[in-house]
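What follows is each chain in one-letter form.
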Amino acid sequence: MTSPTLPRDRLIVALDQPDALSALALVEKLGDTVGFYKIGLGMLTGGGLALANELKERGKRVFLDMKLFDIGATVENAVRGLAQFDLDFLTVHGDPHVVRAAVKGRGDAVTRILAVTILTSLDRADLDAAMIEAGEMQAVTVERARRALAAGADGVICSPQEAAAIRALPEAEGKLIVTPGVRPAGTASDDQKRIATPAEAVTSGADHIVVGRPVWAAEDPAAAAAAIVASL
C-alpha cells in the first residue's frame, strides 16, 4: 500500500447531501478539482449505490463509508455484495472479528477495507457513557487500530490527533490512514471533537483527509477544495 503522491489525491470530499442528484450537482461544481468522494450512510437511502456507480463511470474514486458492524457471516455477505461495485474504500468497525469477515467477503476485489477506530465526534466522556474500557483517548484508539490492522485491515480511520502514533505501529507498515475531523484554519468544528487542519493531518501521517462542510457549504466549493489541496 503506497501513499498518494499528489496533494489532489489526498483530498476526499464527503458528499453529505440530501440525495444523489444534489450530490452530483456538487460534483459538477467541483469538476477536476476533486477526484475522490465519500458516500456515507445517510446517502444510502437517497441513491447512494447508484451515485457510486455514476462517480466510477466519471473516473472518480469512491469511498463508501458504511461502518459495517454485525456477526461475521452477515458482514462477510454484505461486503461480498458491495465489493461488486468496484469501490475504492469501504469502512467497517474495527473489531477484529468484523475486520476478518470483511476481508474474507472482499476476496480478490479492489476494495480496500478500512477499520473505524473511535469516531472523531466522540471524546472520553462519550466512551465512558458507552461503557468502553477506561484509558486515555489516544491509547484506546491506537490499540483498536493495532488490533484491526493485525486482523487484516488495509488501513484505519482515525482522528488526526492519533495519526502519528498509529503510523508508528509496526502493524501500520504499508497500510492506509484516513482522517476525518479535518477542518481548515478558521472554520467551525461543527460536531467534530478531535480535529486538525489538513496540513497537520498529513504531516502526522495521514494518507487521505476527509472534508465535508468546509467544502460543500462554502460559497465557492471548488475554490475551497483548491485551497485545501494547495495547503497540502
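Anything mentioned here points back to the structure above.
Analysis parameters
Residues numbered from 1 in each chain as written. Predicted model: local features only at pLDDT ≥ 70, side-chain atom pairs only at ≥ 80, totals over all residues. Heavy atoms only, no water. Salt bridge = Lys/Arg side-chain N within 4 Å of Asp/Glu carboxyl O. Helix = DSSP H or I, 4+ residues; strand = E, 2+ residues; numbered from the N terminus. Buried < 20%, exposed > 50% of the residue type's maximum accessible area, 1.4 Å probe, protein only. Core = buried A, V, L, I, M, F, W, Y, C linked by side-chain atoms within 4.5 Å. Contact = heavy atoms within 4.5 Å. Pairing = 2+ DSSP bridges. Axes fitted to C-alpha atoms, helices over the stretch in contact; angles between N-to-C directions. Right-handed = clockwise from strand over helix to strand, strands pointing away. Arc of directions from axis to C-beta. Polar contact = N/O pair within 3.5 Å; in protein donor to acceptor, adjacent residues only side chain to side chain.

Another point: the pattern of salt bridges. Two side chains bearing opposite charge may form a pair once their charged atoms approach each other closely. Taken as a whole, this structure holds 15 salt bridges when the rule is applied. One salt bridge in this structure joins Glu 28 and Arg 58, with 2.9 Å as the shortest N-O distance. In this pair, Glu 28 is assigned in helix H2 (residues 20-30) and Arg 58 in the loop between helix H3 (48-57) and strand S3 (61-68), connecting sequence segments 30 residues apart. For Glu 28, a relative accessible area of 52% corresponds to the exposed category. Lys 38 is paired through a salt bridge with Asp 65; the nearest N and O atoms lie 3.1 Å apart. Of this pair, Lys 38 sits in strand S2 (residues 36-40) while Asp 65 is found in strand S3, placing the two residues 27 residues apart along the sequence.

This paragraph deals with the nonpolar core. The biggest cluster of nonpolar side chains holds 56 residues, and the ones touching the most others in it are Leu 11, Leu 15, Leu 30, Ile 39, Leu 51 and Leu 55. In terms of residue count, the dominant contributor to this core is H2 (6 residues). Ignoring any residue separated from it by four or fewer positions in sequence, one finds Ile 39 in contact with Leu 15, Gly 48, Leu 51, Ala 52, Leu 55, Val 62, Phe 63, Leu 64, Asp 65 and Met 66. Phe 36, Phe 63, Val 116 and Leu 176 belong to the second largest nonpolar core, which has 11 residues in total.

Moving on, we come to the sheet that holds strand S4 (residues 89-93). Read around the closed barrel, the 8 strands follow the order S1-S2-S3-S4-S5-S6-S7-S8; overall the barrel is parallel. Sheet twist, expressed as the average angle between the axes of neighbouring strands with direction ignored, equals 25°.

Residues Leu 11 and Val 13 line one face of strand S1 (residues 11-14) and the alternating positions Ile 12 and Ala 14 line the opposite face, and both faces are buried. Direction of pairing for S1 relative to strand S8 (residues 208-211): parallel, over a ladder of 3 bridges. From the neighbouring strand, Leu 11 faces S8, where its bridge partner is Ile 209. The pairing of S1 with S2 spans 2 bridges and is classified as parallel. From the neighbouring strand, Val 13 faces S2, where its bridge partner is Tyr 37. The handedness of the S1 to S2 crossover, carried by H2, is right-handed.

Glancing now at H3. For H3, the complete set of buried residues consists of Gly 48, Leu 51, Ala 52 and Leu 55. For H3, the angular spread of the buried residues around the axis is 105°, confining them to a single face. Exposed residues lying more than 90 degrees from the buried face of H3 are Ala 50 and Glu 57. Immediately beyond the C-terminal end of H3, within one or two residues, lies Gly 59, with a positive phi of roughly 85°.

Note that Ala 172 resides in the loop between helix H8 (160-167) and strand S7 (176-179). With 16 residues separating them in the primary sequence, Ala 172 and Val 156 have C-alpha atoms 9.0 Å apart. Aside from chain neighbours lying at most four places away, what touches Ala 172 is Leu 149, Ile 166 and Arg 167.

Note that Thr 117 resides in the loop between strand S5 (112-116) and helix H6 (124-129). A distance of 2.7 Å separates the side chain of Thr 117 from the backbone oxygen of Ile 157, its partner in a polar contact. In this view, Thr 117 contacts Thr 141, Arg 144, Ala 145, Val 156, Ile 157 and Cys 158; residues no more than four positions away in its chain are not counted.

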